[in-house]
Amino acid sequence: MMSLKRLLTLIYTRNKEFVRDRSSLSWNIIMPILIVVGFAYTFSGDFITKYNVGIIEQDISPSSLNSFLTTRYVDFIKVDNIDNAITKVQRHQLGLLVDTHNLRYWINSDSADGYFLEKILLSSTKVKLEKQTVSGKEIRYVDWVIPGILSMNIMFSALFGVGYVIVRYRKNGMLKRLKATPVTALEYLSAQVISRLILIMIITIFIFYSTNFFIGYAMHGSHLSLFFIFALGAISMISLGLLVAARITSEETAGGLLNLLSWPMMFLSGVWFSLEGTNPVVQQLAEAFPLTHVTTAARMIMIDGAQLVDVSYHITILVLQSIIFLFAGAFMFRWE
Amino acid sequence: MSFNLEAGRCLGLLGPNGAGKTTTIEILEGIKDADSGTILYKGHPVGKRFQTEAGIMFQSTALQDFISVHETLIMFSKLYTKNADLDELIRQCNLQDYLDQDNRKLSGGQRQRLLLAIALVNDPEIIFLDEPTTGLDPQARRNFWDLIETIKTAGKTVILTTHYMDEAYTLCDEIAIMDHGKIIAHDSPENLLAAHFNDVIVQLPKTDIPDTNDFPFVLTEHNDKVEITTSDVNLTITKLIDLNISLASLNIRSRNLDDLFLELTGKELRA
């Protein structure tokens, strides 16, 4: 049976160790702030990739638009959901949205990209196209990327802060010493999850508000919903860290495995660029990553003002992943 | 292997490296699972209760970094329901001057005393000490022996492994010599010595022995000395005098646990 006294003792001691480790603490706080500030100033304007055109394709596109669709240096992205695509035009994420079947297009009257793309579209075809004008404030790259950076920081802190530490404790005999006490594996693992969750949330909230104070990025949703998603994502990725560290006794192996997990997640979870228009295999792979769901849900809350019910799909995936990782990790866990 | 240990006694497990001492002690502690067999404690198979009544000091244990001696003791004491008096334990293990010291900054002796205090934090009835004085200087070792004597005086049962024969002789009521996973001798140190030896060793400098083939004793060379093993010291000394050999540097010693160890395992300690 789980003892609350033992659980709290382990959490308290682990947190104390972390807070007193000044170099580790500084690294966990300063590094993400530097990344956020760096990106805010480096990409203080629009998205990196310019001239995105959304294409609504139904059956076969009329040949009358072929000339436009082969324009160089323009990314043509196939869209399935018209409402989402129109929202992206409103936010300047798409310069133009073209319905090739019904011969109509959407443009944001405030978008410079839209202005140029419209000129190219109209000059490349003789057919008459119906114009739909929308308006909306531009979403800067920093607004778009910040949920991903915060999620990515959570991922590194969760995976390395738990996985690596457990392997180190196993290697130096600390876990064996705890095994000789009445502490159970479930108590120990729960303490690791809770302890790291507390630290991650304190650091994430601090980074969020401190960088937002200076940069001022888009936050249209509820702060509580956002932090709930971050907490759920943290639990999921801490559990993944526990699973990785369940049996390994070498720090080198643990480091290699954690890098093998974190690097693809960092690049293929839509943190830095949208996965729309990428290879379907990559998109399917990204679905398996907890980071994808944290980033997407956080982005929906911050940029779209989504509520928890709107991101319920991502919440479900994160809950399921947390349960699977945690139970598999507890089942495979070895003290030595 | 099979052996019994009465409550309040101190058993020493001796044996060369790889003999199975640590494996045996860790199976007894419940850290490792036995392939087969039964371990009984107070007449019942060891279970969860045993964990709360046992204190364990491993051969090598890391402690949490950035945590002080006092905080470490408090942490471990909170993991148990039954606790020893912490102030008394600190005094007993002579930790009072290092209470605020970070675990990383402890010397070898201080660290071993802290590990012993952790093993005693739940006021155990049985204590396992796996090579508790390895790596300590002679002064720290003697200091540690005094601590173990205090524990014994309190009526605790102690099981310890050691490479040091003098340590086993000083602390243990009984010793079990192990090799290749088996106990090859088990009794009190005095009984074991009496059962295996009825002779003493006479030592002389190598330079005092004449270089002749008809010397009446079998000699064993040991560094710059030679050793004569004899069951009749008077007769041996009389013969040495007859041979005009100087007895100025003569040394007579009884057989000790080192001799017994080598006799039984046939090899030097692989420390």
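Each value, and the rule that gives it
- Residues numbered from 1 in each chain as written.
- Chains lettered and ligands numbered in written order.
- Predicted model: local features only at pLDDT ≥ 70, side-chain atom pairs only at ≥ 80, totals over all residues.
- Helix = DSSP H or I, 4+ residues; strand = E, 2+ residues; numbered from the N terminus.
- Buried ≥ 20, exposed ≤ 12 C-beta atoms within 10 Å, placed from the backbone.
- Contact = placed C-beta atoms within 7 Å.
- pLDDT = per-residue confidence, 0-100.
- Domains from an automatic or database assignment.
- Pairing = 2+ DSSP bridges.
- Axes fitted to C-alpha atoms, helices over the stretch in contact; angles between N-to-C directions.
- Parallel < 35°, antiparallel > 145°, perpendicular 65-115°, else oblique.
- Left-handed = near helix turned anticlockwise from the far one by under 90°.
- Nonpolar A, V, L, I, M, F, W, Y, C, P; charged D, E, K, R; others polar.

Considering the overall build of chain B
Step number 1: Regarding its fold elements, chain B presents ten helices and twelve strands.
Step number 2: Each principal axis of the C-alpha atoms in chain B carries an extent, and together these give about 70 × 45 × 30 Å.
Step number 3: Counting over 271 residues, chain B shows a buried share of 31%.
Step number 4: Here the analysis covers contacts within chain B between residues at least 6 apart in sequence; of these, 72% occur between residues at least 24 apart.

Some thoughts on the confidence of the model for chain B
All names here are of chain B.
Step number 1: When the pLDDT values of chain B are averaged, the result is 88; 97% of them are 70 or greater.
Step number 2: Confidence, read as mean pLDDT per element, is least for strand 10 (residues 219-222) in chain B (81) and greatest for helix 3 (residues 69-78) (96).
Step number 3: Across the assembled chains, the prediction reports ipTM 0.79 with pTM 0.77.

What to know about the domain arrangement of chain B
It is common to give the size of an interface as the accessible area lost on bringing the parts into contact.
Step number 1: Assigned domains within chain B: domain 1 (10-193) and domain 2 (198-254).
Step number 2: Its C-alpha centre places domain 1 of chain B at a distance of 42 Å from the equivalent point of domain 2 of chain B.

Quick word on the environment of A:Thr133
Residues and elements named next belong to chain A.
Step number 1: One can find Thr 133 in strand 5 (residues 130-134).
Step number 2: By C-beta crowding, Thr 133 is classed as exposed, having 11 other C-beta atoms within 10 Å.
Step number 3: Spatially, the C-alpha atoms of Thr 133 and Phe 156 are 43 Å apart, while their sequence positions differ by 23 residues.
Step number 4: Ignoring sequence-local partners within four residues, the contact set of Thr 133 consists of Ile 107 and Ser 109.

Examining the sheet that holds strand 5 (residues 126-130) of chain B
All names here are of chain B.
Step number 1: What the six strands build is an open sheet, ordered 4-5-6-1-7-8; its pairing is mixed. Looking at the sheet topology across the chains shown, the edges are occupied by strand 4 (54-57) and strand 8 (182-187). On average, each strand axis in the sheet is inclined to that of its neighbour by 15°, with strand direction left out of account.
Step number 2: Along the sheet face, helix 5 (residues 108-120) touches strand 4 and strand 5 and points at about 160° away from the line of strand 4.

Some points on the interface of chain A and chain B
Step number 1: Across the contact, 18 residues belong to chain A and 18 residues belong to chain B.
Step number 2: For the side of chain A that touches chain B, the secondary-structure elements that each account for two or more residues are helix 1 (4-20) and helix 7 (174-179) of chain A.
Step number 3: Sorting elements by how many residues they give to the side of chain A that touches chain B places helix 1 of chain A first, with seven residues.

Observations concerning the packing of helix 1 of chain A against helix 8 (residues 185-215) of chain A
All names here are of chain A.
Step number 1: At a minimum axis separation of 9 Å, helix 1 and helix 8 run at an interaxial angle of 45°. The angle between helix 1 and helix 8 falls in the class oblique. Considering how the two elements wind past one another, helix 1 and helix 8 form a crossing that is right-handed. Here Arg 6, Leu 7, Leu 10, Ile 11, Arg 14, Asn 15 and Phe 18 of helix 1 lie close against helix 8, whose contacting residues are Glu 187, Tyr 188, Ser 190, Ala 191, Ile 194, Ser 195, Ile 198 and Leu 199.

Notes on helix 1 (residues 21-29) of chain B
Residues spaced three or four apart along an α-helix point in a common direction, a consequence of the helix completing one turn every 3.6 residues.
Residues and elements named next belong to chain B.
Step number 1: Inspection of helix 1 places Lys 21, Thr 24, Ile 25, Glu 26, Leu 28 and Glu 29 among the buried residues, and these make up the whole buried set.
Step number 2: Those residues of helix 1 hidden inside the fold are in contact with strand 1 (10-14), strand 4, strand 5, strand 6 (157-161) and strand 7 (174-179).
Step number 3: Just beyond helix 1, the residue with positive phi is Gly 30, at close to 90°.

A word on the environment of B:Lys42
All names here are of chain B.
Step number 1: Mapping Lys 42 onto the fold places it in the loop between strand 2 (40-41) and strand 3 (44-45).
Step number 2: When the 11 C-beta atoms within 10 Å are taken as the criterion, Lys 42 is described as exposed.
Step number 3: Taking the C-alpha atoms as reference, Lys 42 lies 8.9 Å from Ala 7; in sequence the two are 35 residues apart.

Section: the packing of helix 6 (residues 141-172) of chain A against helix 10 (residues 251-268) of chain A
All names here are of chain A.
Step number 1: At a minimum axis distance of 10 Å, the contact between helix 6 and helix 10 shows a crossing angle of 170°. Between helix 6 and helix 10, the angle is such that the two are roughly antiparallel. Where helix 6 crosses over helix 10, the handedness of that crossing is right-handed. Here helix 6 contributes Met 152, Met 155, Phe 156, Leu 159, Phe 160, Gly 163, Tyr 164, Val 167, Arg 168 and Lys 171 to the contact with helix 10, which in turn contributes Glu 251, Ala 254, Gly 255, Leu 258, Leu 261, Ser 262, Met 265 and Met 266.
Step number 2: Residues of the contact of helix 6 with helix 10, tallied by class, amount to twelve nonpolar, three polar and three charged.

Quick notes on the confidence of the model for chain A
Step number 1: Overall, the predicted model of chain A reaches an average pLDDT of 87, with 95% of residues at or above 70.
Step number 2: Ranking the elements of chain A by mean pLDDT puts helix 2 (residues 22-42) of chain A last with 80 and helix 9 (residues 223-244) of chain A first with 95.

Some words on the sheet that holds strand 2 (residues 75-78) of chain A
Residue and element names in this part refer to chain A.
Step number 1: Reading across the sheet, the five strands line up as 2-1-3-4-5 and stay open at both edges, with mixed pairing between neighbours. Each edge of the open sheet carries a strand with a single partner, namely strand 2 and strand 5. Going from strand to strand, the sheet's axes swing by 25° on average, the running direction of each strand aside.
Step number 2: As paired elements, strand 1 (residues 52-56) and strand 3 (residues 96-99) share four bridges and run parallel to each other. Bridge assignment links Val 53 to a residue of strand 3, and that residue is Leu 96.
Step number 3: Packed onto the sheet, helix 4 (residues 82-90) meets strand 1, strand 3, strand 4 (104-108) and strand 5 and runs at close to 35° relative to strand 4.
Step number 4: Lying over the sheet, helix 5 (residues 112-123) contacts strand 1, strand 3 and strand 4, oriented at roughly 35° with respect to strand 3.

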